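Close look at the chain arrangement
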There are 2 protein chains.
Amino acid sequence: MNNVYIALLHYPVYNKKGDVVTTAVTNMDIHDISRAAKTYGVKRFYIITPLEQQRQFVRRILHHWQEGYGACYNPWRKKALDITSLKSTLEDAVREIKEESEANVNLVATSASPRGESSRFEELREKISENKEAYLLVFGTGWGIADEVIDKSDYFIEPIRGPSNYNHLSVRSAVSIVLDRLFGER
Amino acid sequence: MNNVYIALLHYPVYNKKGDVVTTAVTNMDIHDISRAAKTYGVKRFYIITPLEQQRQFVRRILHHWQEGYGACYNPWRKKALDITSLKSTLEDAVREIKEESEANVNLVATSASPRGESSRFEELREKISENKEAYLLVFGTGWGIADEVIDKSDYFIEPIRGPSNYNHLSVRSAVSIVLDRLFGER
């Protein structure tokens, strides 16, 4: 499984009121999602934010764990953060994947809210394992990925559901569950 | 599904060196795990720590979201934290569940490392849905639940595995994935 990438989007996403905004990067997101990505064999985890101040913050964390004191203090954490990378825009990530994989890049959007047409997990699991093309799963922060990104995606995965009608998982939980449904071994 | 409880153990757990210690409670654990528990229909989420200073910290957070300003600011978060409760010991949680459910309480241990005998997710999923007894899933912080707790458990769930041999998920990710494997709807 060398064709799967994930991205955590900080722009364009919605805020509580439905405006398109740039959210702040959260330290815990970087760690938890890197570890989940590494566990499920994801090739690279992209943190997407256009804000220079936020980008400095992310670079500091990545440097600490990839090359600084953290790399020696906790080599397991280094292994996870070694697949993590910073980009200004989702388009930059797609461009890099296309160059690297020399394959078509399928954009897969995720959301907590249902939309008209969505792919079932089982269906995508099969498609990704059989196909040699690249897949980039996109996760939104804040109140979710802006429609302009969802509209241009190749796939939209069905929302995660439990037995209740409560669907307010953290993005850290959502990424973990989606990766497990698509790539977990049972 | 009104018979499932979860506990996040801060004592007795291992540290990096294998000593039995009490870990500090993390704010993000309370939020992420409450939200996942609520999503998957868990009846109550117990935070277990015997340290009074830590207990004050947890009480402050729970009060803010259950009754204070947070309850009004984010009612969805209130719904999640309403099922969250603080106990000094795992035994206290078991006692409360036994009284409340008037049923036998099955202790289910989890770990990132395999042990001799373990239950498969599919098997437990079936057993829990068919059975009227109570189930308490226990998750460890730090480097995992101490053997003394695992030894007296009724079940030990197989470790979560992805396609890689890297198994260093955060406890927030692990709880989310275990709940989805046991109670998720696909």
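In what follows, the structure referred to is the one given above.
Let me begin by describing the structure that accompanies this report. From a predicted model like this one, the values you see are computed outputs, not experimental measurements. (Residues numbered from 1 in each chain as written. Chains lettered and ligands numbered in written order. Predicted model: local features only at pLDDT ≥ 70, side-chain atom pairs only at ≥ 80, totals over all residues. Heavy atoms only, no water.)

1. Section: the relation of the copies chain B and chain A
Two copies of one chain are present, and they are related through a rotation about an axis combined with an axial shift. Once chain B has been moved 0.0 Å along the axis and rotated by 180 degrees, it coincides with chain A to within an RMSD of 0.0 Å. Each copy turns onto its partner about a two-fold axis. Here 97% of the contact residues of chain B are again contact residues in chain A; the copies associate through an equivalent surface. (Least-squares fit on C-alpha atoms with pLDDT ≥ 70 in both. Contact = heavy atoms within 4.5 Å.)

2. Comments concerning the pairing of strand β4 (residues 44-48) of chain A
Residues and elements named next belong to chain A. Counting buried residues along β4, 5 of its 5 residues qualify, which places the element largely inside the surrounding structure. Here β4 shows two buried faces, one formed by R44, Y46 and I48 and the other by F45 and I47. Sheet topology note: the strand β1 (residues 4-9)/β4 ladder contains 5 bridges and is parallel. Residue pairing across strands places L9 opposite I48, the latter belonging to β4. Examined bridge by bridge, β4 and strand β5 (residues 84-87) share 4 bridges and lie parallel to one another. (Buried < 20%, exposed > 50% of the residue type's maximum accessible area, 1.4 Å probe, protein only. Helix = DSSP H or I, 4+ residues; strand = E, 2+ residues; numbered from the N terminus. Pairing = 2+ DSSP bridges.)

3. Structural notes on the interface of chain B and chain A
At the junction of the two partners, chain B supplies 37 residues and chain A supplies 36 residues. Counting the surface chain B buries against chain A, the share from its top three residues, T39, Y166 and E185 of chain B, is 20%. For D180 of chain B, the salt bridge identified is with R181 of chain A, shortest N-O distance 2.7 Å. Viewed at the interface, chain A and chain B are joined by 23 residue pairs in polar contact (both at pLDDT 80 or more). Every element with two or more residues in the side of chain B that touches chain A is listed here: α1 (27-39), α4 (75-81) and α8 (171-183) of chain B. Top element by residues in the side of chain B that touches chain A is α8 of chain B. It accounts for 7 residues. Of the residues contributing to the side of chain B that touches chain A, the split by class is 13 nonpolar, 11 polar and 13 charged. (Buried area = accessible area lost by both parts, 1.4 Å probe. Salt bridge = Lys/Arg side-chain N within 4 Å of Asp/Glu carboxyl O. Polar contact = N/O pair within 3.5 Å; in protein donor to acceptor, adjacent residues only side chain to side chain. Nonpolar A, V, L, I, M, F, W, Y, C, P; charged D, E, K, R; others polar.)

4. Concerning helix α8 (residues 171-183) of chain A
Residues three or four positions apart in an α-helix share a direction because the helix packs 3.6 residues into each turn. Over its 13 residues, α8 of chain A extends 18 Å from the first C-alpha to the last, a length consistent with the 18 Å expected when each residue adds 1.5 Å. Extensive coverage of α8 of chain A is indicated by the burial of 13 of its 13 residues. (Expected span 1.5 Å × (residues − 1).)

5. Thoughts on the side chain of R181 of chain B
With respect to the helices and strands, R181 of chain B occurs in helix α8. What makes R181 of chain B buried here is its relative accessible area of 4%. Side-chain polar atoms of R181 of chain B contact the side chain of D180 of chain A, separated by 2.6 Å. Ignoring any residue separated from it by four or fewer positions in sequence, one finds R181 of chain B in contact with Y40, D180, G184, E185 and R186 of chain A together with F121, R125, I160, R161 and R186 of chain B.

6. Quick word on the nonpolar core
As a rule of thumb, soluble globular proteins bury nonpolar side chains together. In terms of nonpolar packing, the biggest core is built from 76 residues, with I6, L137 and L179 of chain A together with I6, L137 and L179 of chain B touching the most fellow members. Among residues more than four places away in sequence, those in contact with L179 of chain B are I6, A36, A37, Y40, V42, L137 and G184 of chain B. (Core = buried A, V, L, I, M, F, W, Y, C linked by side-chain atoms within 4.5 Å.)

7. Some thoughts on the sheet that holds strand β4 (residues 44-48) of chain B
Residues and elements named next belong to chain B. One open sheet holds the 6 strands; their spatial order is β5-β4-β1-β7-β6-β8, and the pairing between them is parallel. If you trace the sheet from one side to the other, it starts and ends with β5 (84-87) and β8 (155-156), each paired once. In this structure, strand β6 (residues 105-109) lies alongside β8, joined through 2 bridges in parallel fashion. Bridge pairing links A109 to F156 in β8. Of the strands in this sheet, β1 (4-9), β4 and β5 are in contact with α1, which crosses β4 at around 155 degrees. Its contacts with the sheet put α8 on β1 and β7 (134-140), and the angle it makes with β7 is roughly 150 degrees. (Axes fitted to C-alpha atoms, helices over the stretch in contact; angles between N-to-C directions.)

8. A few points about the side chain of N106 of chain B
All names here are of chain B. By the secondary structure assignment, N106 is in strand β6. Within the structure, the side chain of N106 is placed 2.8 Å from the side chain of E133, a separation counted as a polar contact. If near-sequence neighbours (up to four positions away) are discounted, N106 is found in contact with E133, A134, Y135, L136, D154 and Y155.

9. Some words on a negative patch on the surface
Residue and element names in this part refer to chain A. Residues E122, E123, E126 and E130 make up a contiguous surface patch of negative charge. One can find E123 in helix α6 (residues 121-130). Under the relative-accessibility criterion, E123 is labelled partly exposed at 41%. (Patch = residues over 30% accessible without salt bridge, like charges linked within 9 Å, V, L, I, M, F, W, Y side chains within 5 Å. Areas by Shrake-Rupley, 256 points an atom, 1.4 Å probe, with all protein chains shown as cover. Lys, Arg positive; Asp, Glu negative; His and termini not counted. Charge placed at Lys NZ, Arg CZ, Asp CG, Glu CD.)

10. What to know about the pattern of salt bridges
Residues and elements named next belong to chain B. Evaluation of the coordinates by the stated rule reveals 32 salt bridges over all chains. Between R55 and E52 there is a salt bridge, and its shortest N-O distance comes to 3.5 Å. Placement of both R55 and E52 in helix α2 (residues 52-66) is noted, with a separation of 3 residues, approximately one turn of the helix. Under the relative-accessibility criterion, R55 is labelled buried at 13%.

11. Considering the pairing of β1 of chain B
Side-chain positions along a regular strand alternate between the two faces of the sheet. Residue and element names in this part refer to chain B. With respect to burial, β1 is a largely interior element, 6 of its 6 residues being buried. Side chains of β1 alternate between two faces, with V4, I6 and L8 and Y5, A7 and L9 buried alike. Where β1 meets β7, 6 bridges bridge the pair, whose relative direction is parallel. Each bridged residue has a counterpart across the sheet, and for L9 the counterpart in β7 is G140.

Structural measurements only, silent on function.
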